[in-house]
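Now for the letters of each chain:
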Amino acid sequence: MFGYYLHLAWRSLRRNRLLTVLMVVSIAVGIGASMTTLTVMRLLAGDPLPGKSGTIFYPQVDPNPEQRSSEPYDMLDYRSAMDLWSAHRADRQALVVDSQVKIRKGAAGRPAMGVLLATTSDFFPMFDVPFAYGSGWGAEDDARRARVAVISSALNDRLFGGRDSVGQTLRLNQADVRIVGVLKPWRPSPQFYTVAGGRFANGNTAGFYATPEDVMTPLSSALEFNDGNFSQFTCWSMPPTPGSLVNSPCVWVQLWVQLSSPQKVTDYRAFLQAYAAEQARSGRIRHPENTRMPSLMEWLDINGVVPSDVKLQAWLAFAFLLICVVNAVGLLLAKFLRRSGDIGVRRALGATQRDIFAQCLTEAAVTGLAGGALGWLLTLFGLWLVRQQSVEYADLARLDLPMFALTLALAVVASVLAGVVPAMRASRIVPAMQLKTL
C-alpha cells in the first residue's frame with residue numbers, strides 16, 4: 001500500500017509542478033538557514049572531550065590578600081598552582097601557561113615567533129592528545145626540568161617537511177630542546193584548556209578557536225628559558241622582581257584536574273577548601289571561602305564561549321523555519337482541496353478517511369524529502385559563506401554525516417507536520433458533495 005501511495009504522490013507532484021516547486025523551495029530555504037546556524041552552534045557549543053568532559057575540572061581560589069573578588073580569579077598564582085599540583089590529589093593534573101617564543105631549527109636556522117604551551121606531563125593523556133610520532137614526556141622530565149618538547153603537526157610540516165622529527169633539536173629563544181613527540185593534526189573546538197576571562201571580554205571569543213600552540217615544553221624548563229615572556233592575567237600589586245612571575249602577586253597559571261568518580265570530586269572540593277583555609281591561617285589568603293571547581297563544560301559556559309550573536313542567529317533561523325512550515329501548510333491545504341473531486345471519487349470507491357490521510361501525509365513526506373535534498377545544498381552553501389568570514393572558527397564550519405542525516409530528517413518531519421492539518425481536511429471531504437459537481 002505504501003508503494004501505491006508513493007506512486008500517487010509522484011503523479012500529484014508532477015501534475016502541479018509550480019505548486020510543488022514553491023513547497024520544496026519553501027521547506028528548503030527554512031532547512032538551509034536553520035541547519036547552517038545549528039551546525040555553527042554545534043561547532044561552538046559542542047563537547048571538546050566527548051565522554052570525558054564530566055571528569056575534567058578547573059580548581060580556583062582567591063589569592064588576593066587585599067580585597068575579595070565577587071568570584072575567584074580565572075587563573076591561579078604560581079604558588080597556589082604548584083601547591084595544588086604537587087599534592088597529587090587528582091587522578092591526573094596539568095598546569096597550563098601559554099606565551100610567545102622565538103623558534104628556530106637548530107642554531108643556524110632562521111628565527112620565527114611562535115606560541116609556546118608550558119605544561120606538565122599529564123596534559124597529553126588527560127586531554128587525549130593524538131601523536132603522529134613519539135609521545136609526550138614523563139613525570140620525571142617535569143621533575144628534572146628536562147629540555148624536551150612536543151611540536152605541532154603544522155610546525156613539523158614547516159620545519160621538517162612532515163617527516164618524523166623525534167630526536168631533532170629545536171632552539172627556543174636561546175635554549176636547545178630535544179623533540180620527543182609530534183602531534184597529529186589536532187584542533188580542539190574550542191581550545192578549552194586556555195579559555196579564561198571570556199565573560200569580561202564583551203562577548204569577544206578571540207583565542208577560543210585558535211589553532212593549537214606550535215610547541216609544548218615542561219613548565220619547569222620553560223620557566224628557565226622563557227620566564228620573561230609569560231604575561232600576567234591579573235596583578236594586585238607590582239611584582240617584586242621585574243620580568244619574573246614566579247613569586248609575583250599575580251594570577252597567570254591554569255590548573256586542570258581529572259577526577260574519575262563523584263566521590264573523588266567531593267574529596268577534591270573538600271581538599272581545595274581545606275587548602276584555602278590553611279593558607280588563610282598563614283596569612284597568605286584572606287578569603288578562603290571564595291573557591292570554586294567547575295567542570296569543563298561549566299567552565300566554558302562561565303566564560304561565554306558561544307557568542308551571543310550566534311545564539312540569536314540560531315533562534316532567528318528556527319523562527320524562519322517555522323514561517324516556512326506555515327507557508328507549506330497553506331500550500332498543501334490549497335493543493336489538497338483543489339483535488340477534492342479526485343478524493344471524492346476515491347472515497348466513493350471504498351477508500352477510508354485513514355487511507356486518504358495516509359496518502360496526503362505520504363505526499364507531504366515526499367515533498368519534504370525533496371526539500372531536504374535542496375536544503376542540504378543550501379546548507380553547504382551557507383557553511384561556505386561562514387568559512388569566508390574573518391572569524392577564528394570559520395574553517396571549522398563543516399557539515400558532517402550526523403548533521404546531514406539530521407538535515408533530511410528535519411525536512412521530512414517539518415513537511416509531515418505541515419501536512420497534518422491539510423491531510424485531515426482532505427480526509428474529511430464528503431464524497432457525495434464532490435460527486436455532484438463532477
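Values in this document were obtained by computation on a predicted structure and should not be read as measured data.

Asks: Mind showing me how you'd approach the nonpolar core here?
Replies: Soluble globular proteins tend to bury their nonpolar side chains together. Ranked by internal contacts, the top residues of the largest apolar core, which has 61 residues, are Phe123, Phe124, Phe127, Val150, Tyr193, Met216 and Trp256. Among the elements that line this core, the one with the most residues is helix α2 (residues 17-45), at eight residues. Ranked by size, the runner-up nonpolar core spans 43 residues in total, among them Val61, Ile179, Leu223 and Cys250.

Asks: Just checking my understanding: could you explain the pairing of strand β11 (residues 254-258) for this structure?
Replies: Every other side chain in a regular strand lies on the same face of the sheet, so the side chains alternate between the two faces. Counting buried residues along β11, five of its five residues qualify, which places the element largely inside the surrounding structure. Alternating positions in β11 separate into two faces, Gln254, Trp256 and Gln258 on one and Leu255 and Val257 on the other, with burial throughout. Bridge analysis of strand β1 (residues 56-57) against β11 gives two bridges, and the strand direction is antiparallel. Within β11, the position partnered with Phe57 by the bridge is Val257. Alignment of strand β2 (residues 92-104) against β11, held across five bridges, turns out to be antiparallel. If you follow Arg92 over to β11, its bridge partner there is Gln258.

Asks: I'm lost on the pairing of strand β7 (residues 175-183) in this one. Help?
Replies: Among the nine residues that make up β7, seven are buried, leaving the element largely enclosed by the rest of the structure. In the sheet, strand β4 (residues 131-134) pairs with β7 via three bridges, with the strands oriented antiparallel. Bridge assignment links Tyr133 to a residue of β7, and that residue is Val182. Judged from the four bridges that link them, strand β5 (residues 148-151) and β7 form a sheet pairing that is parallel. Looking across to β7, one finds that Ile151 is bridged to Val182. Here strand β6 (residues 169-172) pairs with β7 via four bridges, running antiparallel. Its bridge partner lying in β7, Arg171 is registered against Asp176.

Asks: What is the right way to read the packing of helix α3 (residues 78-87) against helix α8 (residues 262-281) from this model?
Replies: For any two helices packed against each other, the geometry comes down to the angle between their axes and how far apart the axes lie. Running from amino to carboxyl end, α3 crosses α8 at an angle of 135 degrees, the nearest separation of the two axes being 12 Å. Relative to α8, α3 is oriented oblique. Where α3 crosses over α8, the two elements pack in a sense that is right-handed. Note on element contacts: α8 touches α3 through Tyr268, Phe271, Leu272, Tyr275 and Gln279, opposite Arg79, Ser80, Asp83, Leu84 and Ala87. Class assignment of the residues belonging to the contact of α3 with α8 gives a composition of six nonpolar, two polar and two charged.

Asks: Got a minute to help me understand the pattern of salt bridges in this structure?
Replies: Two side chains that carry opposite charge are able to pair once their charged atoms sit near each other. Scanning all chains against the criterion turns up nine salt bridges. Here Glu71 and Arg292 are joined by a salt bridge, their closest N and O atoms 3.8 Å apart. Taken as a pair, Glu71 in the loop between β1 and α3 and Arg292 in the loop between α8 and α9 (296-302) lie far apart in primary sequence, 221 residues in all. Taking the relative accessible area as the measure of exposure, Glu71 reaches 32% and is therefore partly exposed. Within the structure, one salt-bridge network assembled from shared partners comprises Arg145, Arg147 and Glu224.

Asks: When you look at the packing of aromatic side chains in this model, what are you seeing that I'm missing?
Replies: The geometry of an aromatic ring pair is captured by the separation of the ring centres together with the interplanar angle, meaning the angle of the planes. Considering all chains together, one arrives at 19 aromatic pairs under this definition. Consider the rings of Phe124 and Trp137, whose centres lie 5.0 Å apart with planes at 85 degrees: the pair is edge-to-face. Note that Phe124 is positioned in helix α4 (residues 123-126) and Trp137 in the loop between β4 and α5 (139-143), a separation of 13 residues in sequence. Take Phe124 and Trp137: they sit in the same class, and that class is buried. Ring plane angle 75 degrees and centroid distance 5.3 Å describe the contact between Tyr268 and Phe271, whose orientation is recorded as edge-to-face. With Tyr268 and Phe271 both in helix α8, this residue pair falls three residues apart, about one helical turn. Here the two residues Tyr268 and Phe271 agree in accessibility, since each one is buried. Site record: aromatic cluster; members linked through ring pairs are Tyr58, Phe123, Phe124, Phe127, Phe131, Trp137, Trp186, Phe192, Tyr193, Trp256 and Trp299.

Asks: What is the right way to read the state of the cysteines from this model?
Replies: What is meant by a disulfide is a covalent connection between two cysteines, made through their sulfur atoms. On inspection of all chains with the given rule, the structure shows one disulfide. Between the sulfur atoms of Cys235 and its disulfide mate Cys250 the distance is 1.8 Å. Its S-S torsion of about 100 degrees marks the bond between Cys235 and Cys250 as right-handed, since a negative value means left-handed. Of the two residues, Cys235 is situated in strand β9 (residues 234-235) and Cys250 in strand β10 (residues 250-251); the sequence distance between them amounts to 15 residues. A residue is classified by how much of its surface remains accessible, and Cys235, at 29% relative accessible area, is partly exposed.

Rules used throughout
- Position numbers for residues start from 1 in each chain and track the written sequence from start to end.
- At least 70 in pLDDT is required for a residue's local features to be given in this predicted model, at least 80 for side-chain atom pairs to be given and counted, and no such filter applies to totals for whole chains, interfaces and linings, which use all residues.
- The side-chain numbers reported here are obtained from all heavy atoms of the structure, hydrogens and water having been left aside.
- Buried residues of nine kinds, namely Ala, Val, Leu, Ile, Met, Phe, Trp, Tyr and Cys, make up a nonpolar core once their side-chain atoms join them within 4.5 Å.
- Burial classification: accessible surface area is computed with a 1.4 Å probe over protein chains only, and a residue below 20% of its type maximum counts as buried, one above 50% as exposed, and the rest as partly exposed.
- Helix and strand definitions here come from DSSP, where helices need a minimum of 4 consecutive H or I residues and strands a minimum of 2 consecutive E residues; each element is numbered from the N-terminal end.
- One bridge is not enough; two strands pair if DSSP finds at least two bridges between them.
- Between N-to-C directions, angles cover 0 to 180 degrees, with each direction set by a line fitted to C-alpha atoms, over the stretch in contact for helices.
- For classification purposes, angles smaller than 35 degrees are called roughly parallel, those larger than 145 roughly antiparallel, those between 65 and 115 roughly perpendicular, and all remaining angles oblique.
- Two helices cross in a left-handed way if the nearer one is turned anticlockwise from the farther one by less than a right angle. They cross in a right-handed way if the turn is clockwise.
- A contact between two residues is defined here by any heavy atoms of the two lying within 4.5 Å.
- Each residue receives one of three labels: charged for Asp, Glu, Lys and Arg, nonpolar for Ala, Val, Leu, Ile, Met, Phe, Trp, Tyr, Cys and Pro, and polar for the others, Gly being one of them.
- Salt bridges are defined as contacts in which a side-chain nitrogen from Lys or Arg sits within 4 Å of a carboxyl oxygen from Asp or Glu.
- Note on ring pairs: Phe, Tyr and Trp rings are taken, using the six-membered ring of Trp, and paired if centres are within 6.5 Å. Classes follow the plane angle, with under 30 degrees stacked, over 60 edge-to-face and the rest tilted.
- When the sulfur atoms of two cysteines come within 2.5 Å, that pair is taken as a disulfide.

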